Amino acid sequence: MRVFVTGASGWIGSAVTDELLAHGHKVVGLARSDQAAAALEAKGATAHRGSLDDLDSLASAAATADGVIHLAFKHDFSDYAGAGRSEHAAVQRMLDTLEDSDRPFLVASGLASGAAKGPLTEDDASPFHGADSMRGGSENLALSYAGRGVRPVALRFSPTVHGAGDHGFTAVLTKIAKERGAAGYIGDGSTRWAAVHRSDAARMVRLALEKAPAGSRMHAVAESGLPSRDIAAAIGDHLGLPAVSVAPEDAEAHFGWIGRFFGMDVAASSAHTKELLGWTPTGPTLFEDIAAGAYALPQ
């Protein structure tokens, strides 16, 4: 397939690009910069210059693709509402372009929906609708096209998609621990995060492109729920620092913007995803990656 991938040079997207190319697919990757374009072309992908705000560019790339994997998102926490509106508009434009084509449209989403008590499953719908909701309500927007000649699939990623070179949430927590002289967790540390290795996430995306039916939700989850106190302990062990409890009312002062995410209970099952796609995670666990130095900081 000729696949248009947004976020193709990002942390997850670059691994997805490698996975698709290794299995005979052609990749057209959205590139905002010369550096991103060069990195894509060095892999054998085609760079498509544009951005999430350039709706005409997104539409033209989607129109000539056999499928779209939308992984890009503006992670601008200073204007998160604006990022959500931009996401909604971009997804809407690409979906309208694909309408009545029977082509797949895979959209990156998250597990932090708060829609279920206990581990979130693939049957649990997202509660977010509309441009002003979290991530612009893009998951529900995409799935609403299942009866409109598109094969939409929601890709729900664990809050930590880990591995060497990761600059995401676990890297931020590690940096904060070093700055504070202790690896913190909030309250009693019982809140949980699901986790998945980057290579496993990329393979799940490729299998979803090839196999997932219209309207499905796929969970990139290898470890269903790691307690935050254990995540802090693993970071602390690696840095030679103690793990300490931070009172909920002090979380923002201690952790900054990431405090609100670290305090969420984001546990999830991937049983249906594994069965449907024949997907078995094989990569290192989060704690194995931490212990192996995947989040080593400069001295």
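Scroll up to find the structure this text is about.
Attention in this report is confined to the structure presented alongside it. As the structure is a computational prediction, the values presented were derived from the model and not from experiment.

### Let's talk about the overall build of the protein
Regarding its fold elements, the protein presents 12 helices and 12 strands. Projected onto the principal axes, the alpha-carbon positions of the protein cover approximately 55 × 40 × 40 Å. Residues classed as buried in the protein amount to 52% of the 299 residues present. Partitioning the contacts of the protein with sequence separation of at least 6, the portion at a separation of at least 24 is 79%. Here the protein has roughly 12400 Å² of accessible surface; of this, 50% comes from carbon and sulfur atoms. The distance from the centre of the 26 positive side-chain charges to the centre of the 35 negative ones in the protein is 3 Å.

### Comments concerning helix H7 (residues 198-211)
Given a rise of 1.5 Å per residue, 14 residues ought to cover 20 Å, and the 20 Å separating the end C-alpha atoms of H7 matches this to within 8%. All of the buried residues along H7 are Asp 200, Ala 201, Ala 202, Arg 203, Met 204, Val 205, Arg 206, Leu 207, Ala 208 and Leu 209.

### Points about the packing of helix H3 (residues 55-63) against helix H4 (residues 80-98)
Packing of H3 against H4 leaves a shortest axis separation of 9 Å and a crossing angle of 35 degrees. H3 and H4 meet at a crossing whose hand is right-handed. Every residue of H4 that contacts H3 at Leu 55, Asp 56, Leu 58, Ala 59, Ala 62 and Ala 63 is listed here: Ala 89, Ala 90, Arg 93, Met 94, Thr 97 and Leu 98.

### Some details on the pairing of strand E8 (residues 183-186)
Burial along E8 is two-sided: Ala 183 and Tyr 185 and Gly 184 and Ile 186, pointing in opposite directions, are all buried. Of the pairings in the sheet, the one linking E8 to strand E12 (residues 243-246) comprises four bridges and is parallel in character. Within the sheet, the bridge partner assigned to Gly 184 lies in E12 and is Val 244.

### What to know about the pattern of salt bridges
By the definition in use, this model includes 12 salt bridges. The partner of Asp 56 in a salt bridge is Arg 93, with the nearest N and O atoms 2.7 Å apart. Of this pair, Asp 56 sits in helix H3 while Arg 93 is found in helix H4, placing the two residues 37 residues apart along the sequence. Accessibility expressed as a relative area gives 52% for Asp 56, which makes it exposed. Here Asp 200 makes a salt bridge to Arg 203, at a shortest N to O gap of 2.7 Å. On the criterion of helical spacing, the pair formed by Asp 200 and Arg 203 is a turn pair, its members being three residues apart in helix H7. The two residues Asp 200 and Arg 203 agree in class, both being buried.

Conventions and cut-offs
- Residues numbered from 1 in each chain as written.
- Predicted model: local features only at pLDDT ≥ 70, side-chain atom pairs only at ≥ 80, totals over all residues.
- Heavy atoms only, no water.
- Helix = DSSP H or I, 4+ residues; strand = E, 2+ residues; numbered from the N terminus.
- Buried < 20%, exposed > 50% of the residue type's maximum accessible area, 1.4 Å probe, protein only.
- Contact = heavy atoms within 4.5 Å.
- Areas by Shrake-Rupley, 256 points an atom, 1.4 Å probe, with all protein chains shown as cover.
- Lys, Arg positive; Asp, Glu negative; His and termini not counted.
- Charge placed at Lys NZ, Arg CZ, Asp CG, Glu CD.
- Expected span 1.5 Å × (residues − 1).
- Axes fitted to C-alpha atoms, helices over the stretch in contact; angles between N-to-C directions.
- Left-handed = near helix turned anticlockwise from the far one by under 90°.
- Pairing = 2+ DSSP bridges.
- Salt bridge = Lys/Arg side-chain N within 4 Å of Asp/Glu carboxyl O.

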